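Observations on the three-dimensional arrangement
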Amino acid sequence: MPILYFDCFSGISGDMIIGALLDAGLPFDVLEQEIKKLKLDDYNIREEKVVKRGISATQFIVETHEHHPHRHLVDIQKIVGESDLEEPVKNTVLEVFAKIAEAEGKIHGVSPDTIHFHEVGAVDAIIDIVGAVVGLHTMGITKVFASPLNTGGGWSKCMHGTIPVPAPATLELLKGVPIYNGGVSLELVTPTGAAIITTVCQDFGQLPPMIPKVVGYGAGTADPPVPNLLRVIIGEETSCGVSHLNPTEHKHTGPKHNEHRH
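Since the model is a prediction, treat every value here as computed from it, not as a measurement.

**Re the pattern of salt bridges**
Pairing between side chains becomes possible if they bear opposite charge and their charged atoms approach one another. Counted according to the given criterion, the structure contains 13 salt bridges. With a shortest N-O distance of 3.2 Å, K78 and E82 are connected by a salt bridge. E87 is the partner of K90 in a salt bridge, and the nearest nitrogen-oxygen pair spans 3.5 Å. In this pair, K90 and E87 are both assigned in helix α4 (residues 87–108), 3 residues apart and thus about one turn of the helix distant. Of the residues examined, K90 reaches a relative accessible area of 10% and is grouped as buried. Taken together, the shared-partner salt bridges in this structure form one network comprising R46, E48 and E63.

Written out as structure tokens, the structure is:
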């Protein structure tokens, strides 16, 4: 089974995950057919090739005319539950939304069931979350790893006003995850990105021992000084401690050294 590594040097969001998977070979028509199983109205999705700081990438775009949605967790559960998505996809998507509701509830001091999903409850955010989970499932990814997350910094505007970056709910979702501010005054990790990655990822840290087969880049919408991209590396897992080899050596005659992630 292939393993996947998200290199989050410029953060992570739902649309960047989908863009990276499309760039790595996820067929757009398959993704489109799966998203149709949600039975949502008034939206259009497309992919677009872009270049960010000299690096070619794929941008996933959702267009919708929906304004100021006010969905609760039960509304999301109904949409997903009544869809024709496969059960493993449904379960993972519902877990992602439950995490968001719990984080938002803690920040606002209310029950997760009473949380009004604003940006995260909009059609585009629902499609981003479902599309990311569908993409991993369709590509047969069973092991997901990720680098520490560059959250960015500064301030961001939302339905509640101006808030610090990382957003309080995002930071709540990232408890126990290695994060840092790479010096960019911008929100690089979105609540959807944080919820998805903390649900599907087995471990965070350095690139695990693997044989890369495919590399993809998913583009964000902003244009900071660093490439606003999420890099995905898909390959075969290996136990060979290649990081200990001298780069000038072509073969290793000693005993194999198994390297484990910490």
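**Some words on unusual backbone geometry**
At the junction of V165 and P166, the peptide bond is cis and its omega measures out at 0° in the coordinates. Backbone geometry at K39 places phi at a positive 60°, although glycine is not the residue there. Mapped onto the elements of the fold, K39 is located in the loop between α2 (28–36) and β2 (43–52). Despite not being glycine, D42 shows a phi value in the positive range, around 60°. Assignment of secondary structure puts D42 in the loop between α2 and β2. Take D42: its relative accessible area is 43%, and that puts it in the partly exposed class.

**Section: the packing of α2 against helix α5 (residues 123–138)**
Remark: α2 packs on α5, axes separated minimally by 10 Å, with the N-to-C direction vectors making an angle of 125°. When the interaxial angle is binned, α2 and α5 end up oblique. Like other packed secondary-structure pairs, α2 and α5 cross with a definite hand, here right-handed. Only I127, G131, V134 and T138 of α5 make contact with α2, whose side of the interface consists of V30, L31, E34 and I35. Its residues assigned to classes, the contact of α2 with α5 shows 5 nonpolar, 2 polar and 1 charged.

**Considering the side chain of S10**
Along the chain, the position of S10 falls in the loop between β1 (3–7) and α1 (14–23). Residue class for S10 comes out buried when judged on its relative accessible area of 0%. Within the local environment of S10, its side chain forms a polar contact with the side chain of N228, the two groups lying 3.3 Å apart. Once you skip the residues sitting within four places of it in the chain, S10 turns out to touch M16, N150, L188, V226, P227, N228 and L229.

**Comments concerning the packing of aromatic side chains**
Considering all chains together, one arrives at 1 aromatic pair under this definition. Aromatic side chains F97 and F117 sit 5.9 Å apart centroid to centroid with 75° between the ring planes, which places their arrangement in the edge-to-face category. Taken as a pair, F97 in helix α4 and F117 in the loop between α4 and α5 lie far apart in primary sequence, 20 residues in all. Neither residue differs from the other here; F97 and F117 are each classed as buried.

What counts and what doesn't
- Residues numbered from 1 in each chain as written.
- Predicted model: local features only at pLDDT ≥ 70, side-chain atom pairs only at ≥ 80, totals over all residues.
- Heavy atoms only, no water.
- Salt bridge = Lys/Arg side-chain N within 4 Å of Asp/Glu carboxyl O.
- Helix = DSSP H or I, 4+ residues; strand = E, 2+ residues; numbered from the N terminus.
- Buried < 20%, exposed > 50% of the residue type's maximum accessible area, 1.4 Å probe, protein only.
- Axes fitted to C-alpha atoms, helices over the stretch in contact; angles between N-to-C directions.
- Parallel < 35°, antiparallel > 145°, perpendicular 65-115°, else oblique.
- Left-handed = near helix turned anticlockwise from the far one by under 90°.
- Contact = heavy atoms within 4.5 Å.
- Nonpolar A, V, L, I, M, F, W, Y, C, P; charged D, E, K, R; others polar.
- Polar contact = N/O pair within 3.5 Å; in protein donor to acceptor, adjacent residues only side chain to side chain.
- Phe/Tyr/Trp six-rings, centres within 6.5 Å; stacked < 30°, edge-to-face > 60°.

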